[in-house]
Amino acid sequence: MRSTVARFFTVLGHPLILGTLYVVLMAQASLPPKTALLVSLLVLGLVALPITVHNLLKFKKGEYSNFDVSDQKQRKGFYPFALGLFLILLLLFFVFEFPTRVIYNTGNFFLMLLLMAFLNIKLKASLHAAVAFYAGTSIFGISSILGMLFIILAFGTSWSRLVLKKHNLMELFIGSLMGLFFGIISLTLI
């Protein structure tokens, strides 16, 4: 039962699922409808979908031991790909003159991901925890209720990663701290 609940939280709190949900909610709450739709579609099409395909292909080829890229050495190949996608997204937002808060928040998230990549040299900080706490903290800018739900989900996601033995306490602590730190910055940008 415990591992079933943990798997539920680890899937629901997966950075691709939770991160995309976060973007859609934030965009819908703070942007004009057409801009919100375009931001959501760009994130889905230029980040979430390519990372999903990339991870599935690498997993099927045996280059990744799992879809989550839980192996520290394998993440050395994942981070440049993900960072490249976010850089393209950020440049498109800039070139097409999206609202400043969209550009700043995307840049803020990009910096968190970049720091996570550098940390990965020594420590496999939890990306699940980082994204969950980033979203949970940042979403308080639009709704206290959603913020509380996302923070509860962030704790559940972190717990799940420990139960499933994907991370140790230090890796979860660092990932959570990164998400909180950059999430607080995001709150100031909303």
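Rules and cut-offs
- Residues numbered from 1 in each chain as written.
- Predicted model: local features only at pLDDT ≥ 70, side-chain atom pairs only at ≥ 80, totals over all residues.
- Heavy atoms only, no water.
- Helix = DSSP H or I, 4+ residues; strand = E, 2+ residues; numbered from the N terminus.
- Expected span 1.5 Å × (residues − 1).
- Buried < 20%, exposed > 50% of the residue type's maximum accessible area, 1.4 Å probe, protein only.
- Phe/Tyr/Trp six-rings, centres within 6.5 Å; stacked < 30°, edge-to-face > 60°.
- Core = buried A, V, L, I, M, F, W, Y, C linked by side-chain atoms within 4.5 Å.
- Contact = heavy atoms within 4.5 Å.
- Axes fitted to C-alpha atoms, helices over the stretch in contact; angles between N-to-C directions.
- Parallel < 35°, antiparallel > 145°, perpendicular 65-115°, else oblique.
- Left-handed = near helix turned anticlockwise from the far one by under 90°.

## Examining helix α2 (residues 15-30)
Moving on, step 1. In this model α2 runs 21 Å from its N-terminal to its C-terminal C-alpha over 16 residues, within 8% of the 22 Å that 1.5 Å per residue would give.
Moving on, step 2. Along α2, the residues classified as buried are Pro15, Leu16, Leu18, Gly19, Thr20, Tyr22, Val23, Met26 and Ala27.

## Notes on the packing of aromatic side chains
Moving on, step 1. Per the stated rule, a full pass over the model turns up nine aromatic pairs.
Moving on, step 2. Geometrically, the ring pair formed by Phe109 and Tyr134 is edge-to-face, given 5.2 Å between the ring centres and 80° between the ring planes. Of this pair, Phe109 sits in helix α5 (residues 100-119) while Tyr134 sits in helix α6 (residues 127-138), and the two are 25 residues apart along the sequence. With respect to burial, Phe109 and Tyr134 carry one shared label: buried.
Moving on, step 3. Here the aromatic residues Tyr22, Phe86, Phe109 and Tyr134 are joined through ring pairs into a cluster of three or more.

## Some words on the nonpolar core
Moving on, step 1. Residues Tyr22, Val39, Phe78, Tyr79, Phe93, Met112 and Met116 are the most contacted members of the largest nonpolar core, which totals 50 residues.
Moving on, step 2. Contributions of two or more residues to this core are made by α2, α3 (33-61), α4 (72-95), α5, α6, α7 (144-163) and α8 (169-189).
Moving on, step 3. Considering every element that reaches this core, the biggest residue donor is α4, with nine residues.
Moving on, step 4. When sequence neighbours within four positions are dropped, the list of residues in contact with Val39 reads Val23, Ala27, Leu31, Phe93, Phe98 and Val102.

## Section: the packing of α5 against α8
Moving on, step 1. At a minimum axis separation of 10 Å, α5 and α8 run at an interaxial angle of 165°. In terms of axis orientation, α5 runs roughly antiparallel to α8. Taken as a pair, α5 and α8 cross one another with a handedness that is right-handed. The segment α5 lies against α8, with Arg101, Tyr104, Asn105, Asn108, Leu111, Met112, Leu115, Met116 and Leu119 engaging Ile174, Met178, Gly179, Phe182, Ile185, Ser186 and Leu189.

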